[in-house]
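# Working through the structure, step by step
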Amino acid sequence: MKVALVVLIVAVPILALGQSSVPSYHSYNDFLLASPGALKFGLYGFDNPALLTYLRQADLMLTWSDIGGPSSNFIRWGLFAAGPNLGFGMVRQNTYVGSITDYRVSASFGNRSLSTGIAYGWSSGDKDLFNRSTLLTIGTLVRPDRFVSVGFFGTTSLHSSDNEGVVDVAVRPLGNELFAVFGDYALQHTKSLGNGNWSAGAALEPLSGIRFAA
């Protein structure tokens with residue numbers, strides 16, 4: 001069993017009280033070192049559930065962020081646990097107006113070239129304040145070879161018309177995770193195609209488990 005402990009330091013504001021009942025994919029960016037398909041397992045099915053197909057043993061990750069204040073306050077943190085084809089994740093956030101905990105359970109099937117997954121999400125805490133509802137996510141990941149991957153996943157509210165689609169692309173020039181470049185694009189249903197949110201970057205893993213990303 002591998003255990004990862006990550007402290008993420010970021011300096012951008014978070015949209016804690018979004019209007020959509022589907023939390024934006026990019027609102028979890030402080031927990032992501034890269035786009036989901038770029039490295040091995042992303043957030044263990046919390047983002048794209050199709051990634052769980054690539055897990056061969058139990059994994060556990062505890063991560064926290066200073067995006068809402070000093071990391072020592074432990075006011076924003078996540079716990080992600082998974083085994084082959086099954087995953088559980090939770091993200092806890094405390095603010096001066098209330099708190100919310102988002103949960104997701106996920107499952108996947110397929111092979112290393114093409115996998116598909118599904119996840120169910122719910123929340124506890126100040127759900128009305130944060131406009132949370134139960135969610136369904138369906139995702140797929142295509143890795144035709146060691147050098148490239150393309151992922152897509154969509155999340156929809158089970159109680160409203162809110163939804164979001166995300167596509168991500170990653171290229172690993174050396175055919176492994178030593179170096180990867182990546183990009184993603186997310187579009188919520190209220191926005192036109194040209195007004196979605198995107199991010200891009202690169203990740204370096206000189207030693208197994210030691211990663212640098214920008």
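## Focus: the side chain of Thr-101
- In this structure, Thr-101 sits in strand S5 (residues 99–110).
- At 2.9 Å, the side chain of Thr-101 forms a polar contact with the side chain of Arg-92.
- Residues within four places of Thr-101 in sequence aside, it is in contact with Met-90, Val-91, Arg-92, Trp-122, Ser-123 and Ser-124.

## Overview of the pairing of strand S9 (residues 163–171)
- Burial along S9 is one-sided: the residues Glu-164, Val-166, Asp-168 and Ala-170 are buried and none of Asn-163, Gly-165, Val-167, Val-169 and Val-171 is.
- Pairing between strand S8 (residues 148–157) and S9: nine bridges, direction antiparallel. Within S9, the position partnered with Gly-154 by the bridge is Gly-165.
- Two successive antiparallel strands, S8 and S9, enclose a turn made up of five residues.
- Inspection of the sheet shows S9 paired to strand S10 (residues 179–188) by eight bridges, in the antiparallel sense.

## So, the pattern of salt bridges
- Summed over the entire model, instances satisfying the criterion amount to four salt bridges.
- Residue Arg-76 is joined to Asp-30 by a salt bridge in which the shortest nitrogen-to-oxygen separation is 2.7 Å. Of this pair, Arg-76 sits in strand S3 (residues 76–83) while Asp-30 sits in the loop between strand S1 (2–8) and strand S2 (59–65); the two residues are 46 residues apart in sequence, bridging distant segments of the chain. Taken as a pair, Arg-76 and Asp-30 share a single burial class, namely buried.
- Arg-211 serves as the salt-bridge partner of Glu-177, at 3.8 Å between the closest nitrogen and oxygen. A residue pair is termed long-range when its members are at least 10 positions apart, and Glu-177 in the loop between S9 and S10 and Arg-211 in strand S12 (residues 210–213) qualify at 34 residues.
- Arg-211 sits in the partly exposed class, given a relative accessible area of 35%.
- Linked through salt bridges whose partners overlap, the residues forming this network are Glu-177, Glu-205 and Arg-211.

## What to know about the pairing of strand S6 (residues 114–125)
- As paired elements, S5 and S6 share 11 bridges and run antiparallel to each other. When the bridges of S6 are listed, Arg-104 appears paired with Gly-121.
- A loop of three residues connects S5 with S6, the two strands running antiparallel in sequence.
- The sheet contact formed by S6 and strand S7 (residues 135–142) spans eight bridges and is antiparallel. Paired with Ser-115 across the two strands is Leu-141, which belongs to S7.

What counts, and where the lines are drawn
Residues numbered from 1 in each chain as written. Predicted model: local features only at pLDDT ≥ 70, side-chain atom pairs only at ≥ 80, totals over all residues. Heavy atoms only, no water. Helix = DSSP H or I, 4+ residues; strand = E, 2+ residues; numbered from the N terminus. Polar contact = N/O pair within 3.5 Å; in protein donor to acceptor, adjacent residues only side chain to side chain. Contact = heavy atoms within 4.5 Å. Buried < 20%, exposed > 50% of the residue type's maximum accessible area, 1.4 Å probe, protein only. Pairing = 2+ DSSP bridges. Salt bridge = Lys/Arg side-chain N within 4 Å of Asp/Glu carboxyl O.

What is shown is where atoms sit, not what they do.
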